[in-house]
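Survey of secondary and tertiary structure
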Amino acid sequence: MTSSALARRASTPGRHVYDVIVFGSQLAGVLVAGVLAKRGLQVLLVDHDGLGAPYTHQDYALPHAPLLLGPLEALGPLEALLGELGALTQVKRLLHHGSLQVFRPRQWFEVAPELGARSREAARALDDAGADAFLQALDRAAHRHAASDPFFQSQPDLPAEGWFRRWKLRRHVARFPGLDADTTLSPAAPLEALLRSLERYAAHADGPVSRARALARLLPTPWTVDGGFEGLRAVLVDRARELGVDVVDAAQQLERLVFDGRTATGVRLLKGEATYLGGALVAACDVATLGLLLPEARQKPLAALAVKLPVSGAIFTTHAVLPESALPRGLGPLGLVEGTDAELGPVLVEVSAARRSGQDTGEKVLSFSVKVNAQLRAAGEPAVRALVDRLWASVVDVFPFSRRRVTLQSAPWVDAPRVVAGGAEPFPCFALPPDATAGVAGLTTGSPWPRLYLAGRQVLPGLGLEGEALSAARAIAAVEKRLASKKDPLKAARPGPA
């Protein structure tokens, strides 16, 4: 059975009581499930929010959001967990490191991974002084992670829980005076400002440390993943199955969480009557999605969590299926366009193979992504369709004839069934509080509900995939500590009514 077929295979829980139940599609969730199973625990993994697999529109499989990342060597926590899972080689096979194409008015060139090709392209597109300045700026930004590496390599208690741990963490942060260094790319230089916009596709919160680390990983040119996030997760789900994790089919959802008093004790699936109990529960979804699973009597703490980390924006993506001949000649798989719509700002462009009913059609999927106000989604389908029109108008100089040959236009906000019906946001951006540790920390691993732990992008939203891996490691440690101090959860009594 192929990897993708294994990931799609339907599954039902093989038992009624587990050591750990993980729900949600974010990367940290499948990492937690796989590692804990590797360490000998019985684990149930439920996608729940529907973002872990591509959505289907007219039988075309399409990603929910863009995924850019740096080399795994630059994402140490993620590399370490993949190594423990035995999935490092498989994931590396998915990674692609091509040229980033930059489109500005009357200016087009490639930012190649190799210095020689990059220098030749810069010299062709810019004058000598401009080329030298650009290459130097790119090099400085690519090494900016060195300012914060010592702090993160010290394995800080981040995010800290409790007054005493927070006090200790503040003292620890004070030992790293260069920690808050911003990227060296200047927002006043048009070309550098364009490259700065890449940061929004690699992290879920904006700030100096976030920007510096994200851009240092992405420059001189980002890595992409075959199949996007969904392709990455499919490989890890396959590995989790091999390690003994019971994986509920991606089409299935949770109906609700089950509580015994204040304590979270299990889950109930939407298409079933059985309750599945867990010694610990791990939520790998956003708090807004988690809130839909809580009984009304347990929802009071949600307000405090939402205030601590409010949504400030979102990455909007729209896809167009069209013949390859409809694309501009020489267009590569990844581009960044300085569009004509100043309010929308730079547009990320991705080109991938179109797949319909699991088969390559020979067509291409042209994807546009921009950062927008999250409230736009609430305005409904007409507002979203108008945004798609604005996007095409903003990039018409680069794609003057492509739109007329589009055979399918699709946007997750209005065409992905689980996104529309379930309210899950494919790529939210959060506003960190002013006192966020190192400018990257959000929610803690522990939650207001005993035995329920948070693992996902809201724990360290300023660090992107690096933060998700760190949150997974924190959740793994918390679960192991809890289970080591308790009796065998398989012998636990059934909870009372929710």
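Scroll up a little and you will see the structure.
No experiment lies behind these values; they were computed from the predicted model shown. (Residues numbered from 1 in each chain as written. Predicted model: local features only at pLDDT ≥ 70, side-chain atom pairs only at ≥ 80, totals over all residues. Heavy atoms only, no water.)

**Notes on the overall build of the protein chain**
Scanning the protein chain for helices and strands turns up 18 helices and 19 strands. Taking 2.2 N^0.38 as the reference for a compact globule, 498 residues should give roughly 23 Å; the C-alpha atoms of the protein chain span a radius of gyration of 23 Å, in line with that estimate. With the principal axes as the frame, the protein chain shows a C-alpha extent of 75 × 55 × 40 Å. Taken over 498 residues, the protein chain has a buried fraction of 55%. (Helix = DSSP H or I, 4+ residues; strand = E, 2+ residues; numbered from the N terminus. Rg over C-alpha atoms; globule rule 2.2 N^0.38 Å. Buried < 20%, exposed > 50% of the residue type's maximum accessible area, 1.4 Å probe, protein only.)

**Here we look at the pairing of strand E2 (residues 43-46)**
The alternating pattern of E2 places Val-43 and Leu-45 and Leu-44 and Val-46 on opposite faces, both of which are buried. Sheet analysis places strand E1 (residues 17-23) next to E2, joined by four bridges and oriented parallel. By the bridge assignment for E2, Val-22 is matched with Leu-45. Each parallel crossover has a hand, and the one from E1 via helix H2 (residues 27-38) to E2 is right-handed. Sheet topology places E2 next to strand E9 (residues 246-248); three bridges connect them, and they run parallel. By the bridge assignment, Leu-45 is partnered in E9 with Val-247. (Pairing = 2+ DSSP bridges. Right-handed = clockwise from strand over helix to strand, strands pointing away.)

**Some details on the pattern of salt bridges**
Under the counting rule described, the total for this entry stands at 21 salt bridges. Residues Asp-157 and Arg-474 are paired through a salt bridge, measuring 3.1 Å at the closest nitrogen-oxygen approach. Within this pair, whereas Asp-157 is found in the loop between helix H7 (149-153) and helix H8 (163-173), its partner Arg-474 is found in helix H18 (residues 464-484), the two being separated by 317 residues in sequence. Judged by its relative accessible area of 27%, Asp-157 falls in the partly exposed class. Its salt-bridge partner being Glu-466, residue Arg-213 comes within 2.9 Å of it at the nearest N-O pair. With Arg-213 in helix H10 (residues 208-218) and Glu-466 in helix H18, the pair connects residues that are 253 residues apart, well separated along the chain. Each member of the pair, Arg-213 as well as Glu-466, is classed as buried. Through salt bridges with shared partners, a single ionic network connects Asp-149, Arg-213, Arg-217 and Glu-466. (Salt bridge = Lys/Arg side-chain N within 4 Å of Asp/Glu carboxyl O.)

**Considerations on the environment of Glu-381**
Assignment of secondary structure puts Glu-381 in helix H15 (residues 381-394). Exposure remark for Glu-381: the relative accessible area of 42% places this residue in the partly exposed category.

**Description of empty space enclosed by the protein**
Tallied over the full model, the rule gives six cavities of 30 Å³ or more. His-204, Phe-229, Pro-426, Phe-427 and Arg-457 are the residues nearest the centre of the largest cavity, which is lined by 20 residues in total. Where the lining of the largest cavity is concerned, the elements lending two or more residues are helix H11 (228-242) and H18. For the lining of the largest cavity, the element with the most residues is H18, which contributes three residues. Of the residues in the lining of the largest cavity, the class split is 12 nonpolar, five polar and three charged. (1 Å grid on protein atoms, 1.4 Å probe; cavity = no way out; pocket = protein on both sides within 12 Å on 5 of 7 lines; lining within 4 Å. Points joined across faces, edges and corners; volume = space filled by probe spheres on them. Nonpolar A, V, L, I, M, F, W, Y, C, P; charged D, E, K, R; others polar.)

**Structural notes on H15**
Compared with the 20 Å implied by 1.5 Å per residue over 14 residues, the 20 Å span of H15 between its first and last C-alpha is a close match. Every buried residue belonging to H15 is among Val-384, Leu-387, Val-388, Leu-391, Trp-392 and Ser-394, and all of these are buried. Angular distribution of buried residues about the axis of H15 spans 160°; they occupy a single face of the element. Where H15 is buried, its residues contact strand E13 (311-322), strand E15 (347-356), strand E16 (359-372), helix H14 (375-378), strand E17 (408-410) and helix H16 (412-415). (Expected span 1.5 Å × (residues − 1). Arc of directions from axis to C-beta. Contact = heavy atoms within 4.5 Å.)

**Some thoughts on the state of the cysteines**
Tallied over the entire structure, the rule returns zero disulfides. Left unpaired, Cys-285 is separated from the closest cysteine sulfur, that of Cys-429, by 18 Å. (Disulfide = S-S within 2.5 Å.)

**Thoughts on the nonpolar core**
Among the nonpolar cores identified, the biggest contains 46 residues, and Leu-27, Leu-31 and Val-32 are the most heavily contacted of them. Broken down by element, the residue count for this core peaks at nine residues, all from H2. Every residue in contact with Leu-31, bar those within four places of it in the chain, is listed here: Leu-78, Leu-81, Leu-82, Leu-85, Leu-236, Ala-469, Ala-472 and Ile-476. (Core = buried A, V, L, I, M, F, W, Y, C linked by side-chain atoms within 4.5 Å.)

**Some remarks on the environment of Ala-280**
When you line up the elements, Ala-280 lands in strand E12 (residues 275-283). Exposure remark for Ala-280: the relative accessible area of 0% places this residue in the buried category. In this structure the C-alpha to C-alpha distance between Ala-280 and Val-22, which are 258 residues apart in sequence, comes to 8.6 Å. The contact partners of Ala-280, leaving out residues within four places of it in the chain, are Asp-19, Val-20, Ile-21, Arg-451, Tyr-453, Val-479 and Leu-483.

**Remarks on the side chain of His-48**
Of note, His-48 is situated in the loop between E2 and strand E3 (55-57). Owing to a relative accessible area of 6%, His-48 belongs among the buried residues under this scheme. Other than its neighbours up to four places away in sequence, His-48 contacts Gly-24, Gln-252, Gln-253, Leu-254, Thr-289, Leu-293 and Arg-418.

**Thoughts on the packing of H2 against helix H3 (residues 76-85)**
Two elements in contact, H2 and H3, have axes whose closest approach is 9 Å; the angle formed by their N-to-C orientations is 40°. By the angle class used here, H2 and H3 are oblique. In this structure, H2 meets H3 at a crossing whose hand is left-handed. Each of Leu-27, Leu-31, Gly-34, Val-35 and Lys-38 in H2 lies in contact with H3, whose residues at this interface are Leu-78, Leu-81, Leu-82, Glu-84 and Leu-85. For the contact of H2 with H3, the per-class residue count stands at seven nonpolar, one polar and two charged. (Axes fitted to C-alpha atoms, helices over the stretch in contact; angles between N-to-C directions. Parallel < 35°, antiparallel > 145°, perpendicular 65-115°, else oblique. Left-handed = near helix turned anticlockwise from the far one by under 90°.)

**A look at the packing of aromatic side chains**
The geometry of an aromatic ring pair is captured by two quantities: the separation of the ring centres and the angle between the planes. Overall, the coordinates contain nine aromatic pairs when judged by the stated rule. Measuring from ring centre to ring centre gives 5.1 Å for Phe-151 and Phe-152, while their planes differ by 80°; the resulting arrangement is edge-to-face. The same class applies to Phe-151 and to Phe-152, which are both buried. Through successive ring pairs, a cluster of aromatic residues spans Phe-151, Phe-152 and Phe-176. One residue, Arg-15, lies across the ring of Tyr-18, its end atom 5.9 Å from the ring centre. (Phe/Tyr/Trp six-rings, centres within 6.5 Å; stacked < 30°, edge-to-face > 60°. Lys NZ or Arg CZ within 6 Å of the ring centre and 35° of its normal.)

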